[in-house]
Amino acid sequence: MKKIIIVEDRPERQEQYIPDGKHGVEKLSATPGVFNCIGQDCKNHLDRLAQGDFTVLDGYDLIIYHRSALHKSGLVNDVNQYCQSTQVPLIHFTGGESSVIYSHSGFEYLLISSRLFYSSRLFDFIDSFRKNPTLPLIHFAYGDNWRLPYYLRLRNMLWQDQLEATPLLPDYQELCESIGKESISYAELTLEIRKMVELI
Amino acid sequence: MKEILFIGIDIPQGLEAMAQYEDLRPGLDELRSEDFSYDDFIHEGLSGLLKDNNYQLIVLPYSLDISNYLNFTGIRVGLHIRLTPNWRHQQKPLLFLGPESSKEIIKLAPNAHLFMTSGIFNSSKNDAESVARQIAWIQQNKPGISAAEYQDFITKTHITPPDFYDNRHSIANEWGMHRLDEIAGTHLLNGEKEASHNLYFKYLIAKNAHSRLRNPAVEKIEKQYRVELKGLTIKGKIDLSKFK
């Protein structure tokens, strides 16, 4: 069973945002494979990290933090380094940034707002991740439309550089690989984008 | 002095003499840093540039984001330009370049309402000749928006508050503190960069224009007592770090 840790230093916010409030928190804590690290557990966890003991993260397949919990202790970069060395994907949620930031360079990283994190997508994502741990984290933010930002960026690259005939830039190839393709043309991208936009 | 600022989009051949380029794209390490905020990044990246120059036109893409195109950060930059009076480019025309259709922008971009307002242009043509032609047309026909058009922009604009506000009361408390500091003329919060960088606060300030609240006769009287007013002291539960 894939294991996920969620570290939240403000449990009252979890209760405020999560669907069904207190019942939702109980459901999250009871979800098999999920350690909902709140209250005293959260305090102990952060204390051990502050002492340099990162073994508290060993064995998890996905690590999730409220970013401010780490920021207050000056541990953001240390956890980033842990995830880079172990290649465990990392999600930060925060109330301070409304954008969705995603990167899979070095290690897979997603930053989303607290509101989006504690939405109905949380349980869907946990379920999908346990079935398919290679699922890109950006699936959390956009569900089945997770390829859309890739399509838009690829089309913009081709539009800017007029590369349709020779799509050889490393960025282009890396982005194509991210969507499971060797290459994709401007016309194909426009078609895929149009299909998705029609249904949104 | 350069007339045109290109943000995150290459200057087409033939326009180099009149244009300046600014990248304004955060690197991945910066995006993953402990307190990264797009509003801070945009504000800090553009403040010096726009305050010290007088561009006649700003050209930018819909998205400057290398991590997630769907953030449409170019449009957010456009809103910062419209909502930051200190930069002195609030009424300048903005030209967005990119392959996106209007339908895509309307359905996907969080702040697509910017395109319903005056002085906003877009084009999907990417050859130097077409871009140069459009720039010349804008400079000749719409060098800026009027005060009435700016007011119309404010009316049509809606910026959602950041998630860090737990409820409407916390927004009201911080907004009240900001306005008190401004009206009292104590300006203690000027040094708090977080408050002035946040797009939502810029929007609140523009929407509730200071000039409409103040009577010039009262301002004259204020000058007499302001020297006696030592200033506000920030105490209690008001947490300015929340503006980040």
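Provided above is the structure to which this section pertains.
Note that the coordinates shown come from a computational prediction; the quantities given were computed from them, not determined experimentally. Per chain, residues are indexed from 1 in the order of the written sequence. Ligands are numbered from 1 and chains lettered from A, in the order in which they are written. Only residues with pLDDT of at least 70 are given local features in this predicted model, and only at 80 or more are side-chain atom pairs given and counted; all residues enter the totals for whole chains, interfaces and linings. Hydrogens are left out, water is left out, and the side-chain values use all remaining heavy atoms of the structure.

Side note on the overall build of chain B
Convention followed: We count a stretch as a helix when DSSP gives it H or I for four or more residues in a row; a strand needs E for two or more, and each element gets its number in order from the N terminus. Buried, partly exposed and exposed residues are distinguished by accessible area as a fraction of the type maximum, computed with a 1.4 Å probe on protein chains only: under 20%, between the cut-offs, and over 50%, respectively. Contacts were defined at the residue level, with two residues in contact if any of their heavy atoms lie within 4.5 Å. Accessibility throughout is a Shrake-Rupley quantity obtained with a 1.4 Å probe, and a residue counts as covered only by protein chains that appear here.
Secondary structure summary: chain B contains eleven helices and five strands in total. Residues counted as buried form 50% of the 244 residues belonging to chain B. At a minimum sequence separation of 6, the contacts of chain B that also span at least 24 residues come to 71%. Accessible surface, chain B: about 11700 Å² in total, of which carbon and sulfur atoms supply 51%.

Examining helix α10 (residues 170-178) of chain A
Residues and elements named next belong to chain A. Keep this limit in mind: This arc is built from the directions going out from the helix axis to the C-beta atoms.
Buried within α10 are the following residues: Y172, L175, C176 and S178. All buried residues of α10 project into a common sector of 155° when viewed along the axis, lining one side. Of the residues in α10, the exposed ones pointing more than 90 degrees away from the buried face are P170 and E177. G180 sits one or two residues past α10 and shows a positive phi near 75°.

Some words on the interface of chain B and chain A
Heads up, the condition is: Buried area: the accessible area, evaluated with a 1.4 Å probe, that two parts lose upon being put together, summed over both parts. The rule for a salt bridge is simple: a side-chain nitrogen of Lys or Arg has to be within 4 Å of a carboxyl oxygen of Asp or Glu. Distance and chemistry together define a polar contact, namely a pair of N or O atoms within 3.5 Å, with one atom able to donate a hydrogen and the other to accept it when in protein, and with adjacent residues in sequence counting only for side-chain atoms on both sides.
Contact with chain B, which involves 39 residues of that partner, is made by 39 residues of chain A. Carbon and sulfur atoms supply 48% of the area that chain B and chain A bury against each other, a total of about 3500 Å² over both sides. A per-residue breakdown of the area chain B buries against chain A is headed by R32, E34 and D163 of chain B, which together make up 23% of the total. Counting every contact that joins chain B to chain A gives two salt bridges. One salt bridge connects E104 of chain B with R155 of chain A, and the closest N-O pair in it is separated by 2.5 Å. Here chain B and chain A share 18 residue pairs in polar contact (both at pLDDT 80 or more) between them. Elements supplying a minimum of two residues to the side of chain B that touches chain A: α1 (28-31) and α4 (102-108) of chain B. The leading source of residues in the side of chain B that touches chain A is α4 of chain B, at four residues.

Topic: the sheet that holds strand β3 (residues 57-61) of chain B
All names here are of chain B. What counts is decided by this rule: Think of it this way: DSSP has to see at least two bridges between two strands before they count as a pair. Only the stretch in contact is used when a helix axis is fitted, and all axes are lines through C-alpha atoms; the angle between N-to-C directions ranges over 0 to 180 degrees.
In space, the five strands of this open sheet follow the order β2-β1-β3-β4-β5, with parallel pairing throughout. A strand with exactly one partner marks an edge of an open sheet, and here the two such strands are β2 (19-22) and β5 (120-123). Neighbouring strand axes in the sheet, compared pairwise and without regard to direction, differ in orientation by 20° on average. Pairing of β3 with strand β4 (residues 94-97) involves four bridges; the strand directions are parallel. Directly across from P61, in β4, lies its bridge partner L97.

Structural notes on the packing of helix α9 (residues 148-161) of chain A against helix α11 (residues 186-199) of chain A
Angle between the axes and distance between the axes are the two parameters that describe a pair of packed helices. Residues and elements named next belong to chain A. The cut-off we apply is this: By the definition used in this description, the sense in which the near helix is turned from the far one sets the handedness, with an anticlockwise turn below a right angle giving left-handed and a clockwise turn giving right-handed.
For the pair α9 and α11, the least separation of the axes is 9 Å and the interaxial angle reads 145°. In terms of crossing hand, the pair formed by α9 and α11 is left-handed. Along its contact with α9, which presents L148, Y151, L152, L154, R155, L158 and W159, the element α11 presents Y186, L189, T190, E192, I193 and M196.

Notes on the nonpolar core
Quick note on the threshold: Take the buried residues of types Ala, Val, Leu, Ile, Met, Phe, Trp, Tyr and Cys, join any two whose side-chain atoms come within 4.5 Å, and each joined set is a nonpolar core.
Membership of the largest hydrophobic core comes to 115 residues, with the highest contact counts inside it found for L49, I63 and Y65 of chain A together with L46 and F72 of chain B. With seven residues, the single largest contributor to this core is α9 of chain A. In this structure, L49 of chain A is in contact with F54, V56, L57, Y65, L70, L75 and V79 of chain A, ignoring residues within four places of it in sequence. If you look at the next biggest cluster of nonpolar residues, it comprises 14 residues, including W159 of chain A together with A19, L95 and I138 of chain B.

Observations regarding the sheet that holds strand β6 (residues 109-113) of chain A
Residue and element names in this part refer to chain A. Spatially, the six strands line up as an open sheet ordered β2-β1-β3-β4-β6-β5, and their pairing is mixed. Unpaired on one side and paired on the other, β2 (34-37) and β5 (101-103) mark the two borders of the sheet. Strand-to-strand, the axes of this sheet are offset by a mean angle of 15°, without reference to chain direction. Relative to strand β4 (residues 90-94), helix α5 (residues 76-86) is tilted by about 155°, and along the sheet it contacts β3 (62-66), β4 and β6.

Structural notes on the packing of helix α2 (residues 21-30) of chain A against helix α7 (residues 121-131) of chain A
Residue and element names in this part refer to chain A. Quick reminder of the rule: Note that the term roughly parallel is reserved for angles under 35 degrees, roughly antiparallel for angles over 145, roughly perpendicular for angles of 65 to 115, and oblique for everything else. Nonpolar residues are Ala, Val, Leu, Ile, Met, Phe, Trp, Tyr, Cys and Pro. Charged residues are Asp, Glu, Lys and Arg, and all others, Gly as well, are polar.
With their axes 12 Å apart at the nearest point, α2 and α7 run at an angle of 10° to one another. Overall, the two elements α2 and α7 adopt an arrangement that is roughly parallel. Seen from α2, the contacting residues are G24, K27 and L28; seen from α7, they are L122, F123 and I126. Residues of the contact of α2 with α7, tallied by class, amount to four nonpolar, one polar and one charged.

Some thoughts on helix α6 (residues 147-156) of chain B
Residue and element names in this part refer to chain B. Buried within α6 we find Y150, F153 and I154. The buried residues of α6 occupy one face: seen down the axis, they fall within an arc of 100°. In α6, those exposed residues whose orientation departs by more than 90 degrees from the buried face are A148 and T155. Against α3 (73-83) and α9 (199-207) lie the buried residues of α6.

A few points about the pattern of salt bridges
Residues and elements named next belong to chain A. Applying the stated criterion to the full structure yields 16 salt bridges over all chains. With its nearest N and O atoms 2.9 Å apart, the salt bridge here joins R13 to E8. Judged by its relative accessible area of 0%, E8 falls in the buried class. Put simply, R153 and D171 hold a salt bridge, and the shortest N to O gap is 3.9 Å. Note that R153 is positioned in helix α9 and D171 in helix α10, a separation of 18 residues in sequence. Exposure remark for D171: the relative accessible area of 40% places this residue in the partly exposed category. Here the salt bridges do not stand alone but share partners, grouping D127, R130 and K131 into one network.

Worth remembering: the numbers are spatial, not functional.
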